[in-house]
Protein chains: 2
Amino acid sequence: MLLKDMSVNELENVLKDEKKKYDDFKKDGLKLDISRGKPSRDQLELVMPLLDEVTSDTKFPDGYRNYGMLEGISELKKIFADILETDPESIIIGGSSSLNLMYDQIQRCMQFGVLGGKPWNKYGKIKFLCPVPGYDRHFAITEHFGIEMIAVPMDEHGPIMDIVETLVKEDETIKGIWCVPKYSNPTGITYSDEVVDRLASMETKADDFRIFWDNAYVIHDLYDDKSDSLKNIFTALREFGNEDRAYVFTSTAKITFPGAGVSCIAASENNKKDILSHMQFQTICNNKIVQYMHALYLKDLDNTKYIMRRHAEISRPKFEAVLASLRCGLDGLGIADWTEPNGGYFISFNVLDGCAKKVWTLCKEAGLTITTAGATYPYGIDDRDANIRIAPTFTTSAELDVACELFVCCVKIACIEKLLFEKK
Amino acid sequence: MLLKDMSVNELENVLKDEKKKYDDFKKDGLKLDISRGKPSRDQLELVMPLLDEVTSDTKFPDGYRNYGMLEGISELKKIFADILETDPESIIIGGSSSLNLMYDQIQRCMQFGVLGGKPWNKYGKIKFLCPVPGYDRHFAITEHFGIEMIAVPMDEHGPIMDIVETLVKEDETIKGIWCVPKYSNPTGITYSDEVVDRLASMETKADDFRIFWDNAYVIHDLYDDKSDSLKNIFTALREFGNEDRAYVFTSTAKITFPGAGVSCIAASENNKKDILSHMQFQTICNNKIVQYMHALYLKDLDNTKYIMRRHAEISRPKFEAVLASLRCGLDGLGIADWTEPNGGYFISFNVLDGCAKKVWTLCKEAGLTITTAGATYPYGIDDRDANIRIAPTFTTSAELDVACELFVCCVKIACIEKLLFEKK
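All values reported here derive from a predicted model rather than from experimental measurement.

Draft legend 1. Structural view of the overall build of chain A. Scanning chain A from N- to C-terminus turns up 13 helices and 13 strands. Against the compact-globule benchmark of 22 Å for 424 residues, chain A has a radius of gyration of 23 Å, which places it among compact chains. In terms of overall dimensions, chain A has a C-alpha envelope of 75 × 55 × 35 Å along the principal axes. Out of the 424 residues belonging to chain A, those deemed buried represent 63%. Taking contacts inside chain A between residues at least 6 apart in sequence as the whole, the part at least 24 apart equals 77%.

Draft legend 2. Local environment of the packing of helix α4 (residues 98–112) of chain A against helix α4 (residues 98–112) of chain B. Between α4(A) and α4(B), whose axes approach to 11 Å, the crossing angle comes to 55°. When the interaxial angle is binned, α4(A) and α4(B) end up oblique. Taken as a pair, α4(A) and α4(B) cross one another with a handedness that is left-handed. On the side of α4(A), the interface is formed by Y103(A), Q107(A), M110(A), Q111(A) and F112(A), while α4(B) contributes Y103(B), Q107(B), M110(B), Q111(B) and F112(B). Of the residues contributing to the contact of α4(A) with α4(B), the split by class is 6 nonpolar, 4 polar and no charged.

Draft legend 3. Structural detail: the sheet that holds strand β5 (residues 158–159) of chain B. All names here are of chain B. Here 8 strands make up an open sheet; going across it, the order is β2-β9-β8-β7-β6-β3-β4-β5 and the pairing mixed. Single-partner strands in this sheet number two, and they are β2 (91–93) and β5. Packing against the sheet, helix α6 (residues 161–170) makes contact with β3 (127–132), β4 (148–155), β5 and β6 (174–179), and its axis sits at approximately 150° to β4. The strands touched by helix α7 (residues 193–201) are β5, β6 and β7 (210–214); relative to β7, the strand with the most contacts, the crossing angle is about 145°.

Draft legend 4. Layout of the pattern of salt bridges. Per the counting criterion, the structure on display carries 48 salt bridges over all chains. Taking the shortest distance from any N to any O, the salt bridge between K27(B) and D24(B) comes out at 3.7 Å. Of this pair, K27(B) and D24(B) both sit in helix α1 (residues 8–27), 3 residues apart, which is roughly one turn of the helix. Salt-bridge contacts for E71(B) lead to K272(B); the nearest nitrogen and oxygen are separated by 2.8 Å. Of this pair, E71(B) sits in the loop between α2 (41–46) and α3 (74–83) while K272(B) sits in helix α9 (residues 269–282); the two residues are 201 residues apart in sequence, bridging distant segments of the chain. A network of salt bridges, in which partner residues are shared, links D162(A), E165(A), E194(A) and R198(A).

Draft legend 5. Structural view of the nonpolar core. Membership of the largest hydrophobic core comes to 129 residues, with the highest contact counts inside it found for Y191(A), L199(A), W213(A), Y191(B), L199(B) and W213(B). Discounting residues that sit within four places of it in the chain, W213(A) has contacts with C179(A), P181(A), Y191(A), V196(A), L199(A), L230(A), I233(A), Y247(A), V248(A) and F249(A). In terms of nonpolar packing, the next biggest core, distinct from the first, is built from 50 residues, F25(B), I34(B), I390(B) and V411(B) among them.

Draft legend 6. How the structure looks around the interface of chain B and chain A. Counting residues at the interface gives 58 residues for chain B and 58 residues for chain A. Around 4800 Å² of area is buried between chain B and chain A when both sides are counted, 53% of it from carbon and sulfur atoms. Considering only the side of chain B, the residues that lose the most area to chain A are R65(B), Y67(B) and F281(B), jointly responsible for 16% of the buried surface there. R41(B) is paired through a salt bridge with D62(A); the nearest N and O atoms lie 2.8 Å apart. Secondary-structure elements contributing two or more residues to the side of chain B that touches chain A are α2, α4, α5 (136–144), α9 and α10 (288–298) of chain B. Of all the elements, α4(B) adds the most residues to the side of chain B that touches chain A, at 8 residues. When grouped by side-chain class, the residues that make up the side of chain B that touches chain A number 27 nonpolar, 21 polar and 10 charged.

Draft legend 7. Broad picture of the relation of the copies chain B and chain A. Rotating chain B by 180° and moving it 0.0 Å along the rotation axis overlays it on chain A with an RMSD of 0.0 Å. Taken together, the rotation and translation relating the two chain copies correspond to the operation of a two-fold axis.

Draft legend 8. Representation of the pairing of strand β8 (residues 246–251) of chain A. Residues and elements named next belong to chain A. For β8, the tally of buried residues reaches 6 of 6 residues, placing the bulk of the element in the interior. On β8, burial covers both faces: A246, V248 and T250 on one face and Y247, F249 and S251 on the other are all buried. One ladder, built from 4 bridges, connects strand β7 (residues 210–214) with β8; its direction is parallel. Each residue of the ladder has a partner; that of I211, found in β8, is A246. By the bridge criterion, 4 bridges tie β8 to strand β9 (residues 263–266) in an arrangement that is antiparallel.

Scoring rules and cut-offs
- Residues numbered from 1 in each chain as written.
- Chains lettered and ligands numbered in written order.
- Predicted model: local features only at pLDDT ≥ 70, side-chain atom pairs only at ≥ 80, totals over all residues.
- Heavy atoms only, no water.
- Helix = DSSP H or I, 4+ residues; strand = E, 2+ residues; numbered from the N terminus.
- Rg over C-alpha atoms; globule rule 2.2 N^0.38 Å.
- Buried < 20%, exposed > 50% of the residue type's maximum accessible area, 1.4 Å probe, protein only.
- Contact = heavy atoms within 4.5 Å.
- Axes fitted to C-alpha atoms, helices over the stretch in contact; angles between N-to-C directions.
- Parallel < 35°, antiparallel > 145°, perpendicular 65-115°, else oblique.
- Left-handed = near helix turned anticlockwise from the far one by under 90°.
- Nonpolar A, V, L, I, M, F, W, Y, C, P; charged D, E, K, R; others polar.
- Pairing = 2+ DSSP bridges.
- Salt bridge = Lys/Arg side-chain N within 4 Å of Asp/Glu carboxyl O.
- Core = buried A, V, L, I, M, F, W, Y, C linked by side-chain atoms within 4.5 Å.
- Buried area = accessible area lost by both parts, 1.4 Å probe.
- Least-squares fit on C-alpha atoms with pLDDT ≥ 70 in both.

This is the structure we're talking about:
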């Protein structure tokens, strides 16, 4: 039965039950966290053999242990290129953080401009399109540089392209768009071929408009028998003669170790030359011993996918547990919906408008940390106050069950209180 | 006998001999490089046990293998703090490159200003003081950001402070100074206590003036029985109430692996807070597995110094060989002088004015790469065309002997040709 069709009396009874449950949870003094997309301890254990790949007996190729090779080592460029379905020549390997590469790329555009063009700093104001809900750290970078963020709604195919196209066609100060095109953070959806094509082909008023294509979950499938496929952005861009439009990022943060993997940026010949023309002053090279360790461990695309399947064996049951809890606790009540992704690290959950912050507070007070309500929107403002990002991977399965039960309970309380308020 | 006192005839005879030697070198098809401060293969072998410190059996402290800890792990902060004679609280650990930290720090000052002050980008023009001869990569960063470089001569005590003080007192647009205070690149000198005190105490017109204190060779002694000591910049700054004036950098590039070590920035509480307020958007953390590996390997300051002594056992004979060659080939001729450093990676060599480029070309044409003449000066302009940086460490001892012989020969040819030109 839909909660909104219940009488005040019925709602009050349900509320009473849920509040009792909630108080019991509170007494347990829980300390649970489903807020960030972090691999679990089991996943970290899985990839420990990475650390045996280089030892004092390792024969390193010439130059790998000394200064040099700004772009990184060829073995790993090849693996990244295969993962991103592009050419090793397009790859620059970074440090452990692709976020760092993105931040630095924005900073380069601000300071030096794109391909010798006017530095973005020299505009009175520039703007970025931010498909929502999206990745809070993207928005944080943008805000930090004083770039105005324009939220663009997404559906199951990606950002609503009618809106994107209209905006970028008219406004020269719109310089970029953030995209997590596969298993999007947090919705888990993958951009349709049409969306990729329209992003690649659309007319932009700014000739230095850039797509920040954060392909963080490129091979991060949860299932063997169903996975999303994403149209190759490089192919699409070439098709439409816009090969310089995108910077593509990925990393092994969720393949090997978060914060201790390797990252890369893939770019057209022009973009790469432009990036290196600045990067050459920033550093002599990134850590090639870590790169070589990764090249030896990952071996090739096939083996990397094999490692990802083993990660999925650990993460999949957690996603399934969350989804089962949500279904069991909330199906048919008409107060929430959520995504059921085939990969990535998140489930995006929408509660009745005006209830997300309340859910967050209730969870927090009972010892469950969920992503701050609104965090998935620019400036932390979710106009509907509805979206909550759930990250199932980090906790143990046992903890996750408790977390989900508590979460469902908080959702019900917040929604019933809202419905009661409206009915009274 | 001083060459300048020789007759034209005598000079022509010496020149003939040297040219014959030179032609013989040329025939050998040499490929030698004494241009960059890179550790040798033997030094890389020395530190290979670093790579055995973490394996799949390592029990990592909680959180070391996952996202988090932007400032780095406490064990390594302690070691860096001891190396730099400061408090672990002042340390932020970076990636593998301290140059990267310096570049990023300049970029942050340009983009965001210092401690909330006016961004350096917002000045029409800013300037940096560049003690000369100095480190070409510092100058390259400065030039890349369009910062005007003012060369300040150095003597054996550091930059000539009368000049520095006069300049910074008058000009608000002078925002910083590059310093390699110990075993300076390339002169090998160490700043005197008086220079450190005067840098720490001097009146600066700009309240956001910053010393970029690149303490790259802080424990890089060549001898057990003689080493330079550098006054602690933090102490000096505190003494004069200017604790926010310096950013201090170092790395293990020449302790463990160049390009694959760990770096750090040490700063006052205000500066550190300021840095982190931006850095928090740039990355979640640096590679803590690499940090932990280093903490386990270096252990503490004493053990790190022990490792440095073993490096010195490899490098010292090379420095001594170069110095012996220079003495043997050039002493008493009045055409060159050079430094005899107690540590670091370089010997700074001055030839007769107007001859450095010629020496460089002669060396190059015979297969010996030396640092580009002028590279040790802002904009690559050595007004006297006299300074050449020699980096003895990278080549094998056998190669180094040949390189030195050839170098001496080139110096003689260039100088005699100059003297002959003047005499005729």
